Amino acid sequence: MNVYTYAVRRITDRRRDDLDRGLEYWRNALASDEQLRAAFAAYQDEAIKKAQKLPNDLEGARAKLTAEAKRAGITKEKIEPPCRCELCRDTGYVNGKYCKCVIKRVIQSNAENMVLPTVDFAAAQKTAPKAISKVYAAAKTYINEYPNGKPFFILTGSSGTGKTVLASATAAELMSRGAAVVTVTAFEFVRRAKDYHTQFAIEDYYDLFTPMLDCDALVIDDLGTETMLKNITREYFYTLINERWMRKKYTLITTNLTPNQLLERYGEAVFSRLCDKNSANLFTVSAPNARITKA
(Lines give C-alpha, C1' and ligand atoms only; values in the text may rest on other atoms or scores of the structure.)
Protein backbone atom coordinates (compact mmCIF):
# COMPACT_ATOMS: atom_id res chain seq x y z
CA MET A 1 0.00 0.00 0.00
CA ASN A 2 1.50 3.36 -0.99
CA VAL A 3 1.54 6.29 1.42
CA TYR A 4 -1.33 8.06 -0.33
CA THR A 5 -3.64 5.05 -0.20
CA TYR A 6 -2.75 4.61 3.46
CA ALA A 7 -3.54 8.27 4.16
CA VAL A 8 -6.94 7.95 2.45
CA ARG A 9 -7.72 4.89 4.57
CA ARG A 10 -6.79 6.77 7.73
CA ILE A 11 -9.05 9.68 6.73
CA THR A 12 -12.05 7.47 5.90
CA ASP A 13 -11.52 5.42 9.08
CA ARG A 14 -11.47 8.63 11.10
CA ARG A 15 -14.74 9.73 9.48
CA ARG A 16 -16.32 6.40 10.31
CA ASP A 17 -15.18 6.76 13.93
CA ASP A 18 -16.67 10.27 14.08
CA LEU A 19 -20.03 8.99 12.81
CA ASP A 20 -19.95 6.04 15.22
CA ARG A 21 -19.41 8.43 18.12
CA GLY A 22 -22.34 10.52 16.92
CA LEU A 23 -24.55 7.45 16.73
CA GLU A 24 -23.50 6.33 20.20
CA TYR A 25 -24.27 9.80 21.55
CA TRP A 26 -27.76 9.65 20.02
CA ARG A 27 -28.45 6.20 21.42
CA ASN A 28 -27.40 7.27 24.89
CA ALA A 29 -29.58 10.37 24.66
CA LEU A 30 -32.61 8.29 23.70
CA ALA A 31 -31.94 5.81 26.50
CA SER A 32 -31.78 8.52 29.15
CA ASP A 33 -34.63 10.84 28.01
CA GLU A 34 -38.17 9.42 27.91
CA GLN A 35 -39.72 12.43 26.17
CA LEU A 36 -37.08 12.41 23.47
CA ARG A 37 -37.52 8.68 23.02
CA ALA A 38 -41.29 9.07 22.62
CA ALA A 39 -40.89 11.87 20.08
CA PHE A 40 -38.44 9.77 18.07
CA ALA A 41 -40.76 6.76 18.11
CA ALA A 42 -43.64 8.95 16.90
CA TYR A 43 -41.42 10.33 14.11
CA GLN A 44 -40.49 6.80 13.03
CA ASP A 45 -44.16 5.79 12.95
CA GLU A 46 -45.07 8.75 10.74
CA ALA A 47 -42.09 8.09 8.45
CA ILE A 48 -43.29 4.50 7.94
CA LYS A 49 -46.80 5.73 7.11
CA LYS A 50 -45.42 8.12 4.52
CA ALA A 51 -43.27 5.40 2.98
CA GLN A 52 -46.40 3.23 2.71
CA LYS A 53 -48.30 6.20 1.18
CA LEU A 54 -50.70 6.31 4.10
CA PRO A 55 -52.12 9.46 5.73
CA ASN A 56 -49.43 10.86 8.03
CA ASP A 57 -48.20 13.87 9.96
CA LEU A 58 -44.47 13.50 9.34
CA GLU A 59 -43.84 17.24 9.43
CA GLY A 60 -45.58 17.59 12.77
CA ALA A 61 -43.64 14.65 14.19
CA ARG A 62 -40.39 16.12 12.87
CA ALA A 63 -41.14 19.47 14.49
CA LYS A 64 -41.91 17.74 17.82
CA LEU A 65 -38.68 15.72 17.65
CA THR A 66 -36.68 18.84 16.80
CA ALA A 67 -38.19 20.67 19.78
CA GLU A 68 -37.40 17.77 22.14
CA ALA A 69 -33.83 17.54 20.85
CA LYS A 70 -33.36 21.27 21.41
CA ARG A 71 -34.74 20.94 24.94
CA ALA A 72 -32.25 18.15 25.61
CA GLY A 73 -29.37 20.25 24.27
CA ILE A 74 -28.79 17.97 21.28
CA THR A 75 -27.53 19.50 18.04
CA LYS A 76 -27.08 18.03 14.59
CA GLU A 77 -23.29 18.45 14.94
CA LYS A 78 -23.29 16.14 17.97
CA ILE A 79 -25.23 13.42 16.17
CA GLU A 80 -23.54 13.83 12.79
CA PRO A 81 -20.17 15.53 13.30
CA PRO A 82 -19.21 17.79 10.37
CA CYS A 83 -16.60 16.55 7.94
CA ARG A 84 -13.07 17.60 8.80
CA CYS A 85 -12.39 18.43 5.16
CA GLU A 86 -15.13 20.23 3.24
CA LEU A 87 -13.30 19.75 -0.07
CA CYS A 88 -13.54 15.95 -0.19
CA ARG A 89 -16.11 15.40 2.57
CA ASP A 90 -13.60 13.06 4.23
CA THR A 91 -13.45 10.71 1.24
CA GLY A 92 -9.86 11.58 0.35
CA TYR A 93 -10.68 12.35 -3.28
CA VAL A 94 -11.81 15.38 -5.30
CA ASN A 95 -12.73 14.75 -8.93
CA GLY A 96 -10.90 11.44 -8.88
CA LYS A 97 -7.66 12.94 -7.52
CA TYR A 98 -6.16 12.93 -4.05
CA CYS A 99 -7.53 15.77 -1.96
CA LYS A 100 -5.25 18.42 -0.49
CA CYS A 101 -5.94 16.97 2.96
CA VAL A 102 -4.44 13.65 1.85
CA ILE A 103 -1.34 15.31 0.43
CA LYS A 104 -0.90 17.40 3.56
CA ARG A 105 -1.30 14.34 5.79
CA VAL A 106 1.34 12.41 3.84
CA ILE A 107 3.80 15.29 3.98
CA GLN A 108 3.32 16.10 7.65
CA SER A 109 3.48 12.44 8.70
CA ASN A 110 7.15 12.17 7.74
CA ALA A 111 9.83 14.34 9.32
CA GLU A 112 12.06 13.70 6.28
CA ASN A 113 9.89 16.15 4.34
CA MET A 114 11.28 19.02 6.42
CA VAL A 115 15.04 18.78 5.91
CA LEU A 116 15.71 22.48 6.52
CA PRO A 117 15.30 23.92 10.04
CA THR A 118 12.18 25.89 10.91
CA VAL A 119 12.99 29.60 11.13
CA ASP A 120 10.77 32.45 12.34
CA PHE A 121 10.33 34.94 9.49
CA ALA A 122 10.23 38.11 11.58
CA ALA A 123 13.28 37.09 13.62
CA ALA A 124 15.21 36.13 10.48
CA GLN A 125 14.36 39.44 8.84
CA LYS A 126 15.73 41.42 11.81
CA THR A 127 19.11 39.66 11.67
CA ALA A 128 19.39 39.28 7.90
CA PRO A 129 22.62 40.35 6.16
CA LYS A 130 22.24 43.73 4.50
CA ALA A 131 22.65 42.26 1.02
CA ILE A 132 19.50 40.17 1.34
CA SER A 133 17.39 42.34 3.64
CA LYS A 134 15.53 43.95 0.73
CA VAL A 135 14.59 40.53 -0.63
CA TYR A 136 12.61 39.85 2.55
CA ALA A 137 10.03 42.41 1.41
CA ALA A 138 9.61 40.53 -1.86
CA ALA A 139 9.38 37.25 0.06
CA LYS A 140 6.66 38.73 2.27
CA THR A 141 4.70 39.71 -0.85
CA TYR A 142 5.24 36.20 -2.20
CA ILE A 143 3.81 34.78 1.02
CA ASN A 144 0.88 37.20 1.16
CA GLU A 145 -0.09 36.38 -2.42
CA TYR A 146 -0.10 32.61 -1.75
CA PRO A 147 -1.41 30.60 -3.53
CA ASN A 148 -2.07 33.03 -6.39
CA GLY A 149 1.27 34.82 -6.76
CA LYS A 150 4.03 34.00 -9.21
CA PRO A 151 4.81 30.42 -8.16
CA PHE A 152 8.61 30.40 -8.53
CA PHE A 153 10.96 32.30 -6.22
CA ILE A 154 14.62 31.88 -7.23
CA LEU A 155 17.51 33.14 -5.09
CA THR A 156 20.92 33.15 -6.75
CA GLY A 157 24.20 34.50 -5.46
CA SER A 158 27.30 33.79 -3.48
CA SER A 159 27.54 31.63 -0.36
CA GLY A 160 26.88 32.98 3.11
CA THR A 161 24.43 35.72 2.14
CA GLY A 162 21.40 34.34 4.00
CA LYS A 163 19.59 32.62 1.13
CA THR A 164 18.95 29.38 3.06
CA VAL A 165 17.67 31.22 6.12
CA LEU A 166 15.27 33.25 4.00
CA ALA A 167 14.07 30.10 2.25
CA SER A 168 13.51 28.34 5.59
CA ALA A 169 11.70 31.35 7.05
CA THR A 170 9.46 31.63 3.99
CA ALA A 171 8.62 27.92 4.22
CA ALA A 172 7.72 28.29 7.90
CA GLU A 173 5.49 31.28 7.18
CA LEU A 174 3.69 29.42 4.39
CA MET A 175 3.17 26.47 6.74
CA SER A 176 1.61 28.80 9.30
CA ARG A 177 -0.91 29.75 6.61
CA GLY A 178 -1.94 26.15 6.01
CA ALA A 179 0.34 25.18 3.14
CA ALA A 180 1.73 21.66 2.96
CA VAL A 181 5.46 22.32 2.64
CA VAL A 182 8.42 20.12 1.72
CA THR A 183 11.99 21.39 2.16
CA VAL A 184 15.00 19.51 0.78
CA THR A 185 18.61 20.11 -0.11
CA ALA A 186 19.71 19.53 -3.70
CA PHE A 187 21.57 16.44 -2.47
CA GLU A 188 18.37 15.11 -0.88
CA PHE A 189 16.44 15.77 -4.10
CA VAL A 190 18.86 13.55 -6.04
CA ARG A 191 18.66 10.83 -3.39
CA ARG A 192 14.88 10.80 -3.65
CA ALA A 193 15.00 10.80 -7.44
CA LYS A 194 17.51 7.93 -7.49
CA ASP A 195 15.45 5.86 -5.05
CA TYR A 196 12.31 6.51 -7.09
CA HIS A 197 14.13 5.53 -10.28
CA THR A 198 15.42 2.26 -8.77
CA GLN A 199 12.53 1.48 -6.42
CA PHE A 200 12.11 -2.01 -7.89
CA ALA A 201 15.43 -2.92 -6.25
CA ILE A 202 14.66 -1.38 -2.84
CA GLU A 203 12.95 -3.51 -0.23
CA ASP A 204 10.13 -1.70 1.60
CA TYR A 205 10.52 1.34 -0.68
CA TYR A 206 8.94 4.50 0.74
CA ASP A 207 8.09 7.12 -1.87
CA LEU A 208 9.55 10.51 -0.96
CA PHE A 209 9.68 11.82 -4.51
CA THR A 210 5.94 12.19 -5.13
CA PRO A 211 5.40 14.54 -2.15
CA MET A 212 7.81 16.97 -3.86
CA LEU A 213 5.47 17.00 -6.86
CA ASP A 214 2.28 17.35 -4.84
CA CYS A 215 3.11 19.67 -1.93
CA ASP A 216 1.71 23.20 -1.90
CA ALA A 217 5.17 24.71 -1.50
CA LEU A 218 8.58 23.17 -2.19
CA VAL A 219 11.99 24.48 -1.17
CA ILE A 220 15.15 23.16 -2.81
CA ASP A 221 18.28 24.51 -1.14
CA ASP A 222 21.74 24.78 -2.69
CA LEU A 223 20.81 23.73 -6.21
CA GLY A 224 23.95 22.99 -8.19
CA THR A 225 25.79 21.13 -5.43
CA GLU A 226 24.11 17.80 -6.20
CA THR A 227 25.72 14.93 -8.09
CA MET A 228 24.81 14.75 -11.77
CA LEU A 229 23.66 11.15 -12.15
CA LYS A 230 23.05 9.87 -15.66
CA ASN A 231 19.33 9.52 -16.52
CA ILE A 232 18.37 10.85 -13.09
CA THR A 233 19.43 14.33 -12.04
CA ARG A 234 18.54 16.40 -15.09
CA GLU A 235 15.60 14.19 -16.12
CA TYR A 236 13.90 14.12 -12.73
CA PHE A 237 14.64 17.77 -12.05
CA TYR A 238 12.92 18.66 -15.31
CA THR A 239 9.96 16.45 -14.37
CA LEU A 240 9.70 18.13 -10.98
CA ILE A 241 10.03 21.70 -12.25
CA ASN A 242 7.75 21.16 -15.25
CA GLU A 243 4.99 19.60 -13.15
CA ARG A 244 5.11 22.38 -10.60
CA TRP A 245 5.32 25.04 -13.30
CA MET A 246 2.24 23.67 -15.09
CA ARG A 247 0.31 23.36 -11.83
CA LYS A 248 1.46 26.81 -10.63
CA LYS A 249 2.70 25.41 -7.34
CA TYR A 250 4.92 27.50 -5.10
CA THR A 251 8.58 26.54 -5.55
CA LEU A 252 11.50 28.31 -3.87
CA ILE A 253 15.07 27.53 -4.95
CA THR A 254 18.39 28.78 -3.63
CA THR A 255 21.59 28.38 -5.64
CA ASN A 256 25.10 29.74 -5.95
CA LEU A 257 24.88 29.35 -9.72
CA THR A 258 24.40 32.29 -12.05
CA PRO A 259 21.53 32.23 -14.55
CA ASN A 260 23.98 31.28 -17.31
CA GLN A 261 25.33 28.42 -15.20
CA LEU A 262 21.77 27.22 -14.52
CA LEU A 263 21.15 27.17 -18.27
CA GLU A 264 24.35 25.24 -18.94
CA ARG A 265 23.82 22.70 -16.14
CA TYR A 266 20.10 21.93 -16.50
CA GLY A 267 19.26 22.88 -20.07
CA GLU A 268 16.96 25.38 -21.74
CA ALA A 269 13.71 23.60 -20.84
CA VAL A 270 14.38 23.91 -17.11
CA PHE A 271 15.98 27.34 -17.35
CA SER A 272 13.06 28.82 -19.29
CA ARG A 273 10.66 27.72 -16.55
CA LEU A 274 12.82 28.84 -13.65
CA CYS A 275 13.33 32.27 -15.19
CA ASP A 276 9.96 32.77 -16.86
CA LYS A 277 9.07 36.41 -16.08
CA ASN A 278 5.38 35.54 -15.95
CA SER A 279 5.78 32.88 -13.27
CA ALA A 280 9.10 33.52 -11.50
CA ASN A 281 10.62 35.99 -9.07
CA LEU A 282 14.40 36.01 -9.64
CA PHE A 283 16.81 37.68 -7.22
CA THR A 284 20.60 37.80 -7.19
CA VAL A 285 22.32 38.39 -3.85
CA SER A 286 25.96 39.50 -3.95
CA ALA A 287 28.01 40.11 -0.79
CA PRO A 288 30.96 38.75 1.18
CA ASN A 289 30.35 35.43 2.94
CA ALA A 290 28.80 36.38 6.29
CA ARG A 291 29.82 33.02 7.75
CA ILE A 292 33.49 33.95 7.57
CA THR A 293 33.32 37.75 7.54
CA LYS A 294 32.65 39.80 10.66
CA ALA A 295 29.61 42.06 10.46
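You'll find the structure just up there.
**Section: the layout of surface pockets**
No. 1: In this model, the largest pocket occupies a volume close to 430 Å³.
No. 2: Around the largest pocket, the lining comprises 15 residues; the ones closest to its centre are Tyr98, Lys100, Ile103, Arg247 and Lys249.
No. 3: Of all the secondary structure elements, the ones that give two or more residues to the lining of the largest pocket are β2 (97-98) and α5 (100-108).
No. 4: For the lining of the largest pocket, a count of residues per class yields eight nonpolar, no polar and seven charged.
No. 5: In this structure, the second largest pocket encloses a volume near 200 Å³.
No. 6: Along its surface, the second largest pocket is lined by Trp26, Phe40, Tyr43, Arg62, Leu65, Thr66, Ala69, Ile74, Thr75, Lys76 and Ile79.
No. 7: Of all the secondary structure elements, the ones that give two or more residues to the lining of the second largest pocket are α2 (34-51), α3 (58-71) and α4 (76-79).

**Quick look at the side chain of Thr251**
No. 1: The residue Thr251 is located in strand β6 (residues 250-255) in this model.
No. 2: Look at Thr251 and you get buried, because its relative accessible area is 0%.
No. 3: A polar contact is formed between the side chain of Thr251 and the backbone oxygen of Lys249, at a distance of 3.0 Å.
No. 4: The contact partners of Thr251, leaving out residues within four places of it in the chain, are Tyr142, Pro151, Phe152, Phe153, Leu218, Ile241 and Arg244.

**Quick notes on the sheet that holds strand β4 (residues 181-185)**
No. 1: Read across the sheet, five strands follow the order β4-β5-β6-β3-β7 without closing on themselves; strand pairing throughout is parallel. Among the strands making up the open sheet, the edge pair consists of β4 and β7 (280-285). Averaged over all adjacent pairs, the angle separating strand axes in this sheet is 10°, with direction ignored.
No. 2: Alignment of strand β3 (residues 152-157) against β6, held across five bridges, turns out to be parallel. The residue bridging Phe153 from the neighbouring strand is Leu252, located in β6.
No. 3: Across the face of the sheet, helix α9 (residues 186-197) comes into contact with β4 and β5 (217-223) while running at roughly 100° to β4.

So, how was this worked out
- Residues numbered from 1 in each chain as written.
- Predicted model: local features only at pLDDT ≥ 70, side-chain atom pairs only at ≥ 80, totals over all residues.
- Heavy atoms only, no water.
- 1 Å grid on protein atoms, 1.4 Å probe; cavity = no way out; pocket = protein on both sides within 12 Å on 5 of 7 lines; lining within 4 Å.
- Points joined across faces, edges and corners; volume = space filled by probe spheres on them.
- Helix = DSSP H or I, 4+ residues; strand = E, 2+ residues; numbered from the N terminus.
- Nonpolar A, V, L, I, M, F, W, Y, C, P; charged D, E, K, R; others polar.
- Buried < 20%, exposed > 50% of the residue type's maximum accessible area, 1.4 Å probe, protein only.
- Polar contact = N/O pair within 3.5 Å; in protein donor to acceptor, adjacent residues only side chain to side chain.
- Contact = heavy atoms within 4.5 Å.
- Pairing = 2+ DSSP bridges.
- Axes fitted to C-alpha atoms, helices over the stretch in contact; angles between N-to-C directions.

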